[in-house]
Amino acid sequence: MGEVMENNRMQWYQDARFGMFIHWGVYAVPARGEWVMSDEQISVSGYQKYVRSFHPEKFDADALAQLAKEAGMKYGVMTAKHHDGYCMFDSQLTDYTSVKYTGHDFIREYTDAFRKAGLKTGLYYSLLDWHHPDYPHYGDRHHPMRDHEEYKNRPYDFERYLEYMHRQIRELCTNYGKIDILWTDFSYDDMRSDTWHGEELVRMIRSLQPDIILNNRLEVSGEGFGSLLSVHPNITSGDFVSPEQIVPPEGIRNEAGEPVMWESCVTMNNHWGYCKDDHYFKPADMIIHKLTECVSKGGNLLLNVGPDEQGLLPDEETEILKQIGRWMKVNHESIHGCGPSGIGKPEYGRITRKGDHIYYHVYEGQFGGIPLPGIRRDDIASVRLLGKGNVRISDSWITSNYPELVFADLGDDPVLPDQTDTVIEVILKTCDH
Ligand code: GLC
């Protein structure tokens, strides 16, 4: 069936298929995305005015968890520290934290709320740090001070940064209960695996959180795949590939041709962190199609939200999640626990599958009947429309020229019951019958 063969540690993740990425931090104040410090070459002291005015009063982690749950998401991944270095958790290693500045440990609020809602909890942690004095400044590809001559001969001790970074990850893996995913971000130029002391880091993380799932970004970024695609991955390979802002055209396989787990991370508009002027939101029906596409290719979708400086989601994001939720309420069985079908993509939509249950996702109404490729009539135990009930198999002369193909007969109304994605479930007779 082309499913990734995984051990138990990965099972929940592979079944989940849909998660919420949460990019939130001080950058919500300037409201020009989370790269604002680098994009506008803002110094640490220049950034301080945003740090001081970040006092969110309306962040409601329980409400966010509920929204995620209703949208059919099974896990979250929230930024504990982004590239600006500001920590949304309680760290003993720096004063640059939300606890010191606002009195809130937002990561605690998030992990408590998501767990309470029955969702798995992941943390994002930036390997880059534009606040720490021992992170490379001048000449680095991304640092806000990369072009500033005054930093050229500045002495710094990268080992000291590494120690800080490792110890912060230790704090996150120790003080917040069971962490289901650690999403480190990201590697570039010669800043990768060995430079991060990656092997040591992974051993530490796995010793503290034996079941944790890691992305591949100790080796790469959204660009590149890393050693996870080789036949013998390195210890730093992580557990899944993390394509960014794209669904991989053919899913992802390793060098031996075996499917490898992946998760596409995607923004709802064109920014991760809150961006006041970006209203180019992807419509809910597009996201539903893309989620289905991910599942049909054996991957997950991690859909981003970017709360504003008060901690509220933009209205558009809430509305999109609610619309997705309305579809998921009826059709979740065709997503959760499903994967590739082993049947070619039909012209009208896509197919997902969970064992004997095959889900035909119909995006485009058909004249005459909906063809259900890949199955034989004799093998069918039942056919139904999710949320509606049984569906007849066509016996009409109209389809009789194609005796090899099964057609579902949706009745007299030519308009699809759900014009975004009408799901027809076929249950096959089990082999031992
Ligand atoms: C990129 C960006 C970052 C974002 C991440 C999410 O690597 O640097 O801002 O958090 O992708 O995938």
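Residues numbered from 1 in each chain as written. Predicted model: local features only at pLDDT ≥ 70, side-chain atom pairs only at ≥ 80, totals over all residues. Heavy atoms only, no water.

## Things to note about the overall build of the chain
A tally of helices and strands in the chain yields 10 helices and 15 strands. Computed over its C-alpha atoms, the radius of gyration of the chain comes to 24 Å, within 12% of the 22 Å expected for a compact globule of 433 residues. With respect to the three principal axes, the spread of C-alpha positions in the chain is 80 × 45 × 40 Å. Of all 433 residues assigned to the chain, the portion counted as buried reaches 57%. Here the contacts in the chain between residues at least 6 apart in sequence split such that 70% fall between residues at least 24 apart. (Helix = DSSP H or I, 4+ residues; strand = E, 2+ residues; numbered from the N terminus. Rg over C-alpha atoms; globule rule 2.2 N^0.38 Å. Buried < 20%, exposed > 50% of the residue type's maximum accessible area, 1.4 Å probe, protein only. Contact = heavy atoms within 4.5 Å.)

## Brief notes about the domain arrangement of the chain
Here the chain is described as being made up of domain 1 (2–334) and domain 2 (349–428). A separation of 39 Å is found between the C-alpha centroids of domain 1 and domain 2. Opposite the 14 residues of domain 1 that make contact, domain 2 presents 16 residues. Summing both sides of the interface, domain 1 and domain 2 together bury roughly 1200 Å²; the carbon and sulfur share of this comes to 56%. Among the residues of domain 1 in contact with domain 2, His289, Glu333 and Ser334 are the three that bury the most area, contributing 41% of the side total. Of the charged contacts, one joins Arg350 and Glu293 as a salt bridge, the two residues approaching to 3.7 Å between their closest N and O atoms. Where domain 1 meets domain 2, there are five residue pairs in polar contact (both at pLDDT 80 or more). In terms of residue count, the dominant contributor to the side of domain 1 that touches domain 2 is helix α9 (residues 284–296) (seven residues). Classifying every residue of the side of domain 1 that touches domain 2 by side-chain character gives four nonpolar, five polar and five charged. (Domains from an automatic or database assignment. Buried area = accessible area lost by both parts, 1.4 Å probe. Salt bridge = Lys/Arg side-chain N within 4 Å of Asp/Glu carboxyl O. Polar contact = N/O pair within 3.5 Å; in protein donor to acceptor, adjacent residues only side chain to side chain. Nonpolar A, V, L, I, M, F, W, Y, C, P; charged D, E, K, R; others polar.)

## A closer look at the packing of helix α7 (residues 158–175) against helix α8 (residues 198–208)
For the pair α7 and α8, the least separation of the axes is 10 Å and the interaxial angle reads 15°. For the element pair α7 / α8, the angle class is roughly parallel. Handedness of the α7/α8 crossing: right-handed. Between α7 and α8, the contacting residues are Met165, His166, Ile169, Arg170, Cys173 and Thr174 on the first element and Glu200, Leu201, Met204, Ile205 and Leu208 on the second. A per-class count over the contact of α7 with α8 returns seven nonpolar, two polar and two charged. (Axes fitted to C-alpha atoms, helices over the stretch in contact; angles between N-to-C directions. Parallel < 35°, antiparallel > 145°, perpendicular 65-115°, else oblique. Left-handed = near helix turned anticlockwise from the far one by under 90°.)

## What to know about unusual backbone geometry
Following Asp185, the chain continues into Phe186 via a peptide bond in cis, with omega recorded as -5°. Topologically, Phe186 is positioned in the loop between β4 (181–185) and α8. One non-glycine residue with positive phi stands out, namely Arg17, at about 65°. Of note, Arg17 is situated in the loop between α1 (8–16) and β1 (18–22). The backbone of Ala31 shows a phi angle near 60°, a positive value even though the residue is not glycine. With respect to the helices, strands and loops of the structure, Ala31 is situated in the loop between β1 and α2 (36–39). On the accessibility criterion, Ala31 (6% relative accessible area) is buried.

## What about the packing of aromatic side chains?
How two aromatic rings sit relative to each other is given by the distance of their centres and the angle of their planes. Here the structure, examined in full by the defined rule, presents 27 aromatic pairs. When the ring of Phe59 is compared with that of Phe106, the centres are 5.7 Å apart and the planes differ by 90°; the resulting orientation is edge-to-face. On the criterion of sequence distance, the pair formed by Phe59 in the loop between α3 (44–53) and α4 (61–70) and Phe106 in helix α6 (residues 106–116) is long-range, its members being 47 residues apart. Phe106 carries the same exposure label as Phe59, and that label is buried. The rings of Trp24, Phe54, Phe59, Tyr86, Tyr96, Tyr101 and Phe106 are connected pair by pair, giving a single aromatic cluster. (Phe/Tyr/Trp six-rings, centres within 6.5 Å; stacked < 30°, edge-to-face > 60°.)

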